[in-house]
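Chain by chain, the residues:
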Amino acid sequence: MTLPAGAGAGTPVAAPTPSPIELERRLWRRQRGRRSVVVSVASTLVVLAIAYFGVVNTPGWAAVQQSFFDPGVAASTFPDILLGLWLNVRILFFASIGVAVLGTVLAVVRGLRSPVFFPLRVLATAYTDLFRGLPLIIVLYLVGFGLPGLGVFPRLPPEFWGTIAIVLTYSSYVAEVLRAGMEAVHPSQRLAARSLGLSHTQTLRLVVLPQAIRKVTPALMNDFVSMQKDVGLVSILGAVDAVRSAQIAQAETYNFTPYLVAGLLFVVISLPLIRVTDAIARRQQRREQIGGTV
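Heads up: these notes are all about the structure in this document.

Calculation criteria
- Residues numbered from 1 in each chain as written.
- Predicted model: local features only at pLDDT ≥ 70, side-chain atom pairs only at ≥ 80, totals over all residues.
- Heavy atoms only, no water.
- Buried < 20%, exposed > 50% of the residue type's maximum accessible area, 1.4 Å probe, protein only.
- Patch = residues over 30% accessible without salt bridge, like charges linked within 9 Å, V, L, I, M, F, W, Y side chains within 5 Å.
- Areas by Shrake-Rupley, 256 points an atom, 1.4 Å probe, with all protein chains shown as cover.
- Salt bridge = Lys/Arg side-chain N within 4 Å of Asp/Glu carboxyl O.
- Helix = DSSP H or I, 4+ residues; strand = E, 2+ residues; numbered from the N terminus.
- Core = buried A, V, L, I, M, F, W, Y, C linked by side-chain atoms within 4.5 Å.
- Contact = heavy atoms within 4.5 Å.
- Bend = angle between axes of the 7 residues up to and from the residue.
- Polar contact = N/O pair within 3.5 Å; in protein donor to acceptor, adjacent residues only side chain to side chain.

## A word on unusual backbone geometry
Unlike most non-glycine residues, Y254 shows phi in positive territory, near 55°. Taking relative accessible area as the criterion, Y254 reaches 71% and is therefore assigned exposed.

Next comes the structure, spelled out in structure tokens:
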């Protein structure tokens, strides 16, 4: 780069001044951005106003408001429901670890090509087909009431069996997502790793799995969001979580507002991950559009 006349090596070079055309373009972009924001806010307010007046003017709104939107009932039942939500969070934590481990093992087993692993591939395929087809509520009944009935396990709390049922069900979903990601990795990646002297296990651990997880991260996070909601089903086994706490409060108050409170709490804990999932999906889309490596 040629320095301006009279400028030494340590002399800072002034940034170039934008041309009048560029300044005009920047002004137009700012004006268009402000106009877009105003239009978006106005249209949103109009839609909300139409929805609000359309609902409150229905004949049964007064009864629905009293049954589902009672502020007094919400305030009095909120502490117990929040305490029950802490149980859901603990179940979600341990279930996520179990799903990650078991789902990865299933995906790896289904990807084995050697004939000696054929029985394992068949078992893994049967497992994923079975638990992807069974509704979670049926698995909860089978695990929560069937396994303790065998008499070979010590007495364990219902949240333990609920966690096992969630792990069994969601591991099948995660395994298929991971397997799709592993198969999406180009075969040349495996061949290049093996030509560098990596073993099959090292190739899988250092080359294939990192790329596969990166490809299917949005899908995996969507499964995690679904699991966040489904942990509320452990209440059918008797665990006093947020949903069961809401059910108890509803029986005491003869009001359905506690269910609304529990639902809103689940939404609150799900929103951050939903936004992160959307951000990751947008980033990957931009990388693909500019030709970046995904």
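## Comments concerning a nonpolar patch on the surface
On the surface, V64, F68, F69, F256, Y259, L260 and L264 cluster together into a nonpolar patch covering about 590 Å² of accessible area. Ranked by residues supplied to the nonpolar patch, first place goes to helix α11 (residues 257-289) with three residues. Checked against the element boundaries, F68 lands in helix α2 (residues 61-68). Classification of F68 by relative accessible area gives partly exposed; the value is 35%.

## Observations concerning the pattern of salt bridges
All told, the structure shown has seven salt bridges when counted by the stated rule. Here D129 and R132 are joined by a salt bridge, their closest N and O atoms 3.4 Å apart. With a gap of three residues between them, D129 and R132 both fall in helix α4 (residues 118-133), about one helical turn apart. The partner of E176 in a salt bridge is R179, with the nearest N and O atoms 3.0 Å apart. Of the two residues, E176 and R179 both sit in helix α6 (residues 158-184), three residues apart, roughly one turn of that helix. Via salt bridges that share partners, R110, D129, R132, E176, R179 and E183 belong to a single interconnected network.

## Description of the nonpolar core
By size, the foremost hydrophobic cluster in this structure holds 46 residues, and its most contacted members are I81, I166, M182 and M227. For this core, the elements supplying multiple residues, two or more each, are α3 (71-110), α4, α5 (136-149), α6, α8 (200-215), α9 (217-230), α10 (242-253) and α11. For this core, the element with the most residues is α3, which contributes 11 residues. Sequence-distant contacts of I81, defined by excluding residues within four places in its chain, comprise A242, S245, A246, P258, V261, A262 and L265.

## Section: α3
Roughly 45° is the biggest bend found in α3, and it falls at F78, with proline P79 one to four residues downstream. Where α3 begins, the side chain of D70 points an oxygen toward the backbone nitrogen of G72, at a separation of 3.0 Å.

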